[in-house]
Protein chains: 2
Amino acid sequence: MPTAKDPAKTAGPAIILVEPQLGENIGMVARAMANFGLSELRLVNPRDGWPSEKARAAASRADHVIDATKVFDDLASAVADLNFVFATTARERDGFKPVRGPVEAGRALRAHDQAGLRTGVLFGRERFGLYNDEVGLADEIVTFPVDPSFSSLNIAQAVLLMSYEWMKSGLAEETATNFSGPELVPATKDQLHSLFTYLEGALEARGYFRPEEKKPKMVDNLRAVLTRAGFAEPELKVLRGIISSLDRFSPAMPRGDGSPGDDPRRLPAARKRAADKES
Amino acid sequence: MPTAKDPAKTAGPAIILVEPQLGENIGMVARAMANFGLSELRLVNPRDGWPSEKARAAASRADHVIDATKVFDDLASAVADLNFVFATTARERDGFKPVRGPVEAGRALRAHDQAGLRTGVLFGRERFGLYNDEVGLADEIVTFPVDPSFSSLNIAQAVLLMSYEWMKSGLAEETATNFSGPELVPATKDQLHSLFTYLEGALEARGYFRPEEKKPKMVDNLRAVLTRAGFAEPELKVLRGIISSLDRFSPAMPRGDGSPGDDPRRLPAARKRAADKES
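Since this is a predicted model, take the numbers as computed values, not measurements.

Peer 1: It is not clear to me how the overall build of chain A should be interpreted in this structure. Could you clarify?
Peer 2: In terms of regular secondary structure, chain A is built from 11 helices and seven strands. Buried residues in chain A amount to 46% of all 279 residues. Partitioning the contacts of chain A with sequence separation of at least 6, the portion at a separation of at least 24 is 78%. In the structure as shown, chain A presents an accessible area of about 14,400 Å², 52% of it carried by carbon and sulfur atoms.

The following block contains the structure:
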């Protein structure tokens, strides 16, 4: 039996479909499970029998789930080896069973799983879900926060959401992603001010700051716009390259045509310093 | 424009499908959206044209989404009126865009929406997603925490997860559900002890507590078992009814056959008190 000390080897919850009708749906369930690391599918009396080529086709290469699928004659047999079972239902039931949302259910399954318990989640028929006596075989109920005015999750969608919450419950942080964007921390003020100096010099040389008495306000505004964005160092490099290109070349004398701006050795000293800083 | 003061009237994010191929998928997208309260679907160059009877059939009565769907010739036009756009992608991209998980993205969409901004989420083609220049039209990237060894969410599944996280971001509590189980708070000790008294009396009358010196330990165990379950008052009533039936009737003289136990007026005084307490 898996233990909390060996969480990587826990199987995760079994997904149990009660009298599913369409092979396509079973396949989509397998695909949904595989996306979120679940692999144990159980079927109670599938209407069109098993195995099902339609299921395999719809599973989109989740063959390991399809191959390992087990079929049972009744629900009690399908849950016989499990310690804790959720029943999914879209409608309220009478009775003593606690009702959870999927986030809470995902966390409960994870906790039971890590304690070495075998868990499962029941999903009912496409048309009308689970009978009350089938819900009665579960420990607790899970229901999804759908729009009450349009509640029409199909079985594969319900399995997808539950599998997704299972996966999320195992993430170190809820906001973890498989890959990350760049670490874009704002550059130092020194790096930002260096861009200001270069840009303002290039603009000054073109007579941008006119009339002269408006220059302080114009500089203020320019710096405010470039400060609020919180640019990171690599972004400042991109901006510097853009400004440098605008400053040094023109449509009539583009880079690479042998014009003076093309060769830093031919630049005036002030511009040469700026050009040297580019990578 | 919707404002934070009137959140009920905000539209929520537009779902934008870029060159979707199959009408069935568009329909499943509409169904997924409707389940979680989204209604604004935009299509960029759907391969098989629009309107699509296959889409309507697959939408499973989400006709309000299908009827309001807008078609655009290019992605830039489809996002032209939006203030903030996420691009969904399963693979890492070069560039400066922040990458979010779906929970964080749902919260960001909700915050922008409540601030009166129009938002959208881009989903790519079934086969290969979004081109880099299409991702470039978005502000940030959202990616789903799928199993890296089986990453195969289809477009409707991706829309379902994003719509679900949108709905969740608007719940007062993450664990909110559309309906609740009963409020099963543990009964008072007085109610529990009353059951003990009745049960132990019924057992004593049958000679259950033998040998006599073991009685204290047997009572301890019986009370421990019935205490640990934390039964609520209505559950205690069910148990009392069960015990009472076992106590007062037998297969040979079941309730309703005119046997002495059938009529409280004919019971000995001690049993009559117990019977009076049943409802």
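Peer 1: Any chance you could explain the side chain of B:Thr143 here in plain terms?
Peer 2: Relative to the helices and strands, B:Thr143 resides in the loop between β7 (140-142) and α7 (155-169). For B:Thr143, the side chain forms a polar contact with the main-chain oxygen of B:Thr89, separated by 2.8 Å. Those residues in contact with B:Thr143, other than ones at most four positions away along the chain, are A:Thr177, A:Phe179, B:Thr89, B:Ala90, B:Val99, B:Arg100, B:Gly101 and B:Pro102.

Peer 1: It is not clear to me how the packing of helix α8 (residues 189-204) of chain A against helix α9 (residues 215-228) of chain A should be interpreted in this structure. Could you clarify?
Peer 2: All names here are of chain A. It is at 11 Å that the axes of α8 and α9 come closest, and there the two elements cross at 135°. As judged from the angle between their axes, α8 and α9 are oblique. The way α8 lies across α9 gives a crossing that is right-handed. Contacts between α8 and α9 pair Lys189, Leu192, Leu195, Phe196, Leu199, Glu200, Leu203 and Glu204 from the former with Lys215, Val219, Leu222, Arg223, Leu226 and Thr227 from the latter. Along the lines of polarity and charge, the residues of the contact of α8 with α9 split into eight nonpolar, one polar and five charged.

Peer 1: Explain the sheet that holds strand β5 (residues 99-100) of chain A here, please?
Peer 2: Two orientations exist for strands paired in a sheet by backbone hydrogen bonds: parallel and antiparallel. Residues and elements named next belong to chain A. The strand order β3-β2-β1-β6-β4-β7-β5 describes an open sheet built from seven strands, whose pairing is parallel. Two strands close off the open sheet at either side, each with one partner strand: β3 (70-72) and β5. One ladder, built from four bridges, connects strand β1 (residues 14-18) with strand β2 (residues 41-44); its direction is parallel. Counted as the bridge partner of Ile15 is Leu41 from β2. Those strands touched by helix α7 (residues 155-169) are β1, β6 (119-123) and β7 (140-142), and its axis lies near 155° from that of β6.

Peer 1: What is the right way to look at the interface of chain A and chain B in this model?
Peer 2: A common way to report how large an interface is uses the accessible area buried once the components associate. Listed per partner, the contact involves 58 residues of chain A and 58 residues of chain B. For the chain A and chain B pair, buried surface summed over both sides reaches about 4,700 Å², with 63% attributable to carbon and sulfur atoms. Summed over the three residues of chain A that lose the most area to chain B, namely A:Phe96, A:Phe150 and A:Phe179, the buried surface amounts to 17% of that side. Taken together, the connections running from chain A to chain B amount to two salt bridges. B:Glu165 is the partner of A:Lys168 in a salt bridge, and the nearest nitrogen-oxygen pair spans 3.0 Å. Inspection of the chain A/chain B interface yields 14 residue pairs in polar contact (both at pLDDT 80 or more). Every element with two or more residues in the side of chain A that touches chain B is listed here: α1 (23-35), β5, α5 (102-114), α7 and α10 (233-248) of chain A. Per-element tally for the side of chain A that touches chain B: the top contributor is α7(A), with seven residues. Here the residues of the side of chain A that touches chain B sort into 28 nonpolar, 17 polar and 13 charged.

Peer 1: Can you help me understand the sheet that holds strand β1 (residues 14-18) of chain B in this one?
Peer 2: Residue and element names in this part refer to chain B. With parallel pairing, the seven strands of this open sheet are ordered in space as β3-β2-β1-β6-β4-β7-β5. Since the sheet does not close on itself, it has two edges, and those belong to β3 (70-72) and β5 (99-100), each with one partner. Across the sheet, helix α1 (residues 23-35) is in contact with β1 and β2 (41-44); its angle to β2 comes to roughly 155°. Taken strand by strand, α7 contacts β1, β6 (119-123) and β7, and its axis lies near 155° from that of β6.

Cut-off values and rules
Residues numbered from 1 in each chain as written. Chains lettered and ligands numbered in written order. Predicted model: local features only at pLDDT ≥ 70, side-chain atom pairs only at ≥ 80, totals over all residues. Heavy atoms only, no water. Helix = DSSP H or I, 4+ residues; strand = E, 2+ residues; numbered from the N terminus. Buried < 20%, exposed > 50% of the residue type's maximum accessible area, 1.4 Å probe, protein only. Contact = heavy atoms within 4.5 Å. Areas by Shrake-Rupley, 256 points an atom, 1.4 Å probe, with all protein chains shown as cover. Polar contact = N/O pair within 3.5 Å; in protein donor to acceptor, adjacent residues only side chain to side chain. Axes fitted to C-alpha atoms, helices over the stretch in contact; angles between N-to-C directions. Parallel < 35°, antiparallel > 145°, perpendicular 65-115°, else oblique. Left-handed = near helix turned anticlockwise from the far one by under 90°. Nonpolar A, V, L, I, M, F, W, Y, C, P; charged D, E, K, R; others polar. Pairing = 2+ DSSP bridges. Buried area = accessible area lost by both parts, 1.4 Å probe. Salt bridge = Lys/Arg side-chain N within 4 Å of Asp/Glu carboxyl O.

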